[in-house]
Amino acid sequence: KMFRTPDFYGYCTASYNPLKELTLSLTGTYTGSMLVEHHAGMISANTTVKTPSFCDMGLKAAYDFNIYKSFKLQINAGMQNIFNSFQKDFDTGADRDSGYMYGPTLPRTVFFGIKLMY
């Protein structure tokens with residue numbers, strides 16, 4: 001066993017174009033449980049923690065508009081970490097173990113974007 005190395009890990013991506021201008025994308029990641037060191041500070045002694053497993057999914061929709069000849073404008077929107085899989089036991093305060101972090105790096109996040117393509 002190695003710290004911060006899950007026994008199981010997997011990801012998937014799928015993309016679908018129901019229209020020429022529209023792209024729907026789905027992504028997913030599974031991270032199995034792993035051993036993480038939790039150093040003393042907020043807790044009384046160093047310990048090893050077995051983390052829970054995490055599954056996060058993302059969805060994105062993008063639509064391309066033809067502006068002029070080879071110019072395109074894309075508008076997209078989506079959500080990352082749909083299930084809000086996120087670490088529940090962060091350390092806090094001045095004595096926290098800043099290295100005690102695991103799992104997905106972002107909570108549920110909604111995003112919008114504009115892209116100009118030539």
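Notes on the structure in this doc start here. Here the structure is a predicted model, which means the values were calculated and not measured. Residue positions are given per chain, counted from 1 along the sequence in the order it is written. This being a predicted model, a pLDDT of at least 70 is required before a residue's local features are given, and a value of 80 or more before pairs of side-chain atoms are given or counted; all residues contribute to the totals for chains, interfaces and linings. As a convention, hydrogens and water are excluded, and side-chain values are obtained from all of the structure's heavy atoms.

Bringing the state of the cysteines into the picture now. Any two cysteine sulfur atoms lying within 2.5 Å of each other are counted as a disulfide. What the rule picks out here adds up to 0 disulfides. Free cysteine: Cys12, not disulfide-bonded; nearest cysteine sulfur from Cys55 at 8.0 Å.

Moving on, we get to the packing of aromatic side chains. To describe a pair of aromatic rings, you give the distance between the ring centres and the angle between the ring planes. Stacked, tilted and edge-to-face are the three classes assigned to paired rings of Phe, Tyr and Trp, where Trp is represented by its six-membered ring and a pair needs centres within 6.5 Å; plane angles under 30 degrees give stacked, over 60 edge-to-face, the rest tilted. In total, this model carries 5 aromatic pairs according to the counting rule given. Seen from their ring centres, Phe71 and Tyr118 are 4.9 Å apart, and the 45° between their planes marks the pair as tilted. Highlighted residues: Phe71 in strand S6 (residues 71-80) and Tyr118 in the segment after strand S7 (109-117), separated in sequence by 47 residues. Connected via pairs of aromatic rings, a cluster forms that spans Phe54, Tyr100 and Tyr102. Under the DSSP-based scheme used, a helix requires at least four consecutive residues in state H or I and a strand at least two consecutive residues in state E, with every element numbered from the N terminus.

This paragraph deals with the side chain of Asp91. One can find Asp91 in the loop between S6 and S7. For each residue, the accessible area found with a 1.4 Å probe, counting protein chains only, is set against the maximum for its type, and the residue is called buried under 20%, exposed over 50%, and partly exposed in between. For this count, His and the chain ends are skipped, Lys and Arg are scored as positive, and Asp and Glu as negative. By convention in these notes, a salt bridge is any Lys or Arg side-chain nitrogen within 4 Å of a carboxyl oxygen on Asp or Glu. Of the buried charged residues, Asp91 lacks a salt bridge, with Arg96 as the closest side chain of opposite charge at 7.7 Å. A distance of 2.8 Å separates the side chain of Asp91 from the side chain of His38, its partner in a polar contact. The definition of a polar contact used here is a pair of N or O atoms within 3.5 Å, where within protein one atom must be able to donate a hydrogen and the other to accept one, and adjacent residues in sequence count solely through side-chain atom pairs. One polar contact links the side chain of Asp91 to the main-chain amide nitrogen of Asp97, over a distance of 3.1 Å. By definition, residues are in contact when any of their heavy atoms lie within 4.5 Å. If sequence neighbours within four positions are ignored, Asp91 has contacts with His38, Met42, Arg96, Asp97 and Tyr100.

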